[in-house]
Amino acid sequence: MIATENLFSRHLRSKLAAARDVVVFTGAGMSAESGVPTFRGEDGIWKKFKPEELANFDAFIRNPDLVWDWYVHRKQLISEIQPHPGHYAIAQMERVFDKVTVITQNIDNLHHRAGSTRVHELHGNITRNYCIECGTMYPHELLPQGKGVPHCSKCNGLIRPDVVWFGELLPADAWNESVSAAEHSDLFFAVGTSAVVYPAASIPLVAQRAGAFVVEINIERTDLSPRADEFIEGKAGEVLPGLVKLAAAVKNDQPEV
Ligand code: BJW
Ligand code: ZN
């Protein structure tokens, strides 16, 4: 764990002490230390693959096998990785604050696996799949086997991953519950997101407009940084454990160790 003295301001300490309803909004940088590549930036997967060729419905219809194989590759990667200390720290927040909501743009299931209980997935979940014709859901284990894109055993339609591609609406329940959680939060953390993909990127601003103190945690500044109330430069897996330890200490009014 990194030393916390210089990282967390007095102001943040007082916000941690007072906070009851906390939202943690996460992006690909949250999973980077588990081994999931981010999308943008030097090592981002969009450097190798063009989003317009893979992450939209038209691309899938044009070349379903290509898009499916890309997801098979990522499903395999995600099945082999583990949550890191930052994911566990977020799950532990539930013991420190009255209410903790995770709003994630990530599709990798790592918050659930780390033990967070209230998680809204804005961009879906790669472990689920569904038929584009009849909507039948196919968990990963029940996918029809074979080469290339699988077909629905009921109607022979193409099966796609249950993720949100460009130009598609976000799942209504996850979106509505996320907006509501943001509006009711008093402390809001935005972790590891470039904050360029909308409408997800508007969630921190919704929280701030409703009165939340917005803290950004990232290894570099983003589109959100000029608006955030506080910016903490660092890796999610290093900053979050110290932050939660500090929160527990200030809540119990104990001296920090
Ligand atoms: C660390 C770290 C460490 C690294 N610790 N930090 C023009 C203007 C405005 C909007 C639009 C526009 N044209 C089109 C749109 C809409 C479009 C959009 O926003 N596009 C913009 C890119 C311009 N949005 C949509 O299409 C959305 N739907 C929609 O708007 O519906 C309405 C509509 C309907 C019909 C027609 C038109 C509109 C849907 C968006 C779906 C996004 N889907 C993806 C793919 C998911 C599936 C998959 O994974 O395959 O979601 S794209 C990709 O980006 C993925 C992510 O969730 C999302 C966000 O990326 P994220 O998480 O921020 O990752 P990065 O890589 O960008 O950033 C990582 C960050 O981590 C960096 O800041 C690093 O510094 C940091 N980091 N390591 C802490 N260890
Ligand atoms: Zn079907």
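For the structure itself, look to the data block above.
Bear in mind the structure is a predicted one, so any value in this text is a computation, not a measurement.

Conventions used here
Residues numbered from 1 in each chain as written. Chains lettered and ligands numbered in written order. Predicted model: local features only at pLDDT ≥ 70, side-chain atom pairs only at ≥ 80, totals over all residues. Heavy atoms only, no water. Helix = DSSP H or I, 4+ residues; strand = E, 2+ residues; numbered from the N terminus. Rg over C-alpha atoms; globule rule 2.2 N^0.38 Å. Buried < 20%, exposed > 50% of the residue type's maximum accessible area, 1.4 Å probe, protein only. Contact = heavy atoms within 4.5 Å. Areas by Shrake-Rupley, 256 points an atom, 1.4 Å probe, with all protein chains shown as cover. Pairing = 2+ DSSP bridges. Axes fitted to C-alpha atoms, helices over the stretch in contact; angles between N-to-C directions. Near = heavy atom within 4 Å. Polar contact = N/O pair within 3.5 Å; in protein donor to acceptor, adjacent residues only side chain to side chain. Nonpolar A, V, L, I, M, F, W, Y, C, P; charged D, E, K, R; others polar. Donors = N, O, S within 2.8 Å, 3.2 Å for Na, K, Ca; no water. Core = buried A, V, L, I, M, F, W, Y, C linked by side-chain atoms within 4.5 Å. Phe/Tyr/Trp six-rings, centres within 6.5 Å; stacked < 30°, edge-to-face > 60°.

Asks: Help me understand the overall build of the protein chain in this model?
Replies: What the protein chain contains, in helices and strands, is ten helices and nine strands. Radius of gyration (C-alpha) of the protein chain: 19 Å, near the 18 Å computed for a compact globule of 257 residues. Along the first, second and third principal axes, the C-alpha set of the protein chain runs to 60 × 35 × 30 Å. Classification of the 257 residues of the protein chain by burial places 53% in the buried group. Of the contacts made within the protein chain by residues no fewer than 6 positions apart, 66% connect residues no fewer than 24 positions apart. A total accessible area of about 12,700 Å² is found for the protein chain, and carbon and sulfur atoms account for 50% of it.

Asks: It is not clear to me how the sheet that holds strand 3 (residues 119-121) should be interpreted in this structure. Could you clarify?
Replies: As a general point, the strands of a sheet are linked pairwise by backbone hydrogen bonds and lie either parallel or antiparallel. Spatially, six strands are ordered 3-2-1-7-8-9 in an open sheet, and the strand pairing comes out parallel. Sheet topology places strand 3 and strand 9 (230-233) at the edges, where each strand pairs with a single neighbour. Each strand axis lies, on average, 15 degrees off the axis of its neighbour in the sheet, ignoring direction. Along the sheet face, helix 1 (residues 10-18) touches strand 7 (187-191), strand 8 (213-218) and strand 9 and points at about 115 degrees away from the line of strand 8.

Asks: Help me understand unusual backbone geometry, please; the structure alone is not making it clear to me.
Replies: Both trends apply: most residues other than glycine have a negative phi, and most peptide bonds are in trans. Residue Tyr198 is joined to Pro199 through a cis peptide bond whose omega torsion reads 5 degrees. Mapping Pro199 onto the fold places it in the loop between strand 7 and helix 9 (203-209). In this structure, Asn109 takes a positive phi of about 70 degrees despite not being glycine. The residue Asn109 is located in the loop between strand 2 (99-104) and helix 7 (110-114) in this model. One non-glycine residue, Asn156, lies in positive phi territory at about 70 degrees. Using a relative accessible area of 54% as the deciding quantity, one classes Asn156 as exposed.

Asks: Just checking my understanding: could you explain the site of ligand 1 for this structure?
Replies: Taken together, 36 residues lie around ligand 1, and Arg40, Tyr71, Arg74, Ser194 and Asn218 are the ones closest in. Here Gln105 contributes a backbone N or O atom positioned 3.1 Å from an oxygen atom of ligand 1. Ser194 places a side-chain nitrogen or oxygen 2.5 Å from an oxygen atom of ligand 1. For ligand 1, whose unbound accessible area comes to 1,500 Å², protein coverage reaches 75%. Those elements giving two or more residues to the shell around ligand 1 turn out to be helix 2 (28-32) and helix 5 (64-79). Here the residues of the shell around ligand 1 are counted per class, giving 18 nonpolar, twelve polar and six charged.

Asks: Teacher, can you tell me more about the coordination of the zinc ion (ligand 2) here?
Replies: Ideal donor angles around a metal are set by the shape: a four-donor tetrahedron calls for 109.5 degrees, a six-donor octahedron for 90 or 180 degrees. All of the protein donors around the zinc ion (ligand 2) are Cys131 (SG), Cys134 (SG), Cys152 (SG) and Cys155 (SG); their distances to the metal are 2.2 to 2.3 Å. In primary-sequence terms, the residues that donate to the zinc ion (ligand 2) follow C-x2-C-x17-C-x2-C. With a gap of 24 residues between them, Cys131 in strand 4 (residues 124-131) and Cys155 in the loop between strand 5 (137-139) and strand 6 (159-163) connect regions that are remote in the sequence. By relative accessible area, which is 1% here, Cys131 ends up buried.

Asks: Looking at this model, I keep getting lost on the sheet that holds strand 6. Mind explaining?
Replies: Ordered in space as 5-4-6, the three strands form an open sheet in which the pairing is antiparallel. Here the strands that pair on one side only, and so sit at the sheet edges, are strand 5 and strand 6. Each adjacent strand pair in this sheet contributes to an overall mean axis angle of 40 degrees, direction not counted. Here five bridges tie strand 4 to strand 6, and the two strands are oriented antiparallel to one another.

Asks: I'm lost on the nonpolar core in this one. Help?
Replies: Buried together is how nonpolar side chains tend to be arranged in soluble globular proteins. Residues Leu16, Met93, Phe97, Phe189, Leu240 and Leu243 are the most contacted members of the largest nonpolar core, which totals 30 residues. Elements that contribute at least two residues to this core include exactly helix 1, strand 1 (21-26), helix 6 (85-92), strand 2, strand 7, strand 8 and helix 10 (236-251). Sorting elements by how many residues they give to this core places helix 10 first, with eight residues. Not counting residues up to four positions away in its chain, the partners in contact with Leu16 are Phe97, Leu187, Phe189, Leu243, Leu246, Ala247, Val250 and Lys251.

Asks: I keep staring at the packing of aromatic side chains and nothing clicks. Help me out?
Replies: Each aromatic ring pair is described using two quantities: the centre-to-centre distance and the angle formed by the ring planes. Evaluated as defined, the whole model comprises four aromatic pairs. Arranged with centres 6.1 Å apart and planes meeting at 40 degrees, the rings of Phe25 and Phe188 form a pair that is tilted. With a gap of 163 residues between them, Phe25 in strand 1 and Phe188 in strand 7 connect regions that are remote in the sequence. Judged by its relative accessible area of 1%, Phe25 falls in the buried class. With a relative accessible area of 0%, Phe188 lands in the buried category.

Honestly, it's all geometry; don't read function into it.
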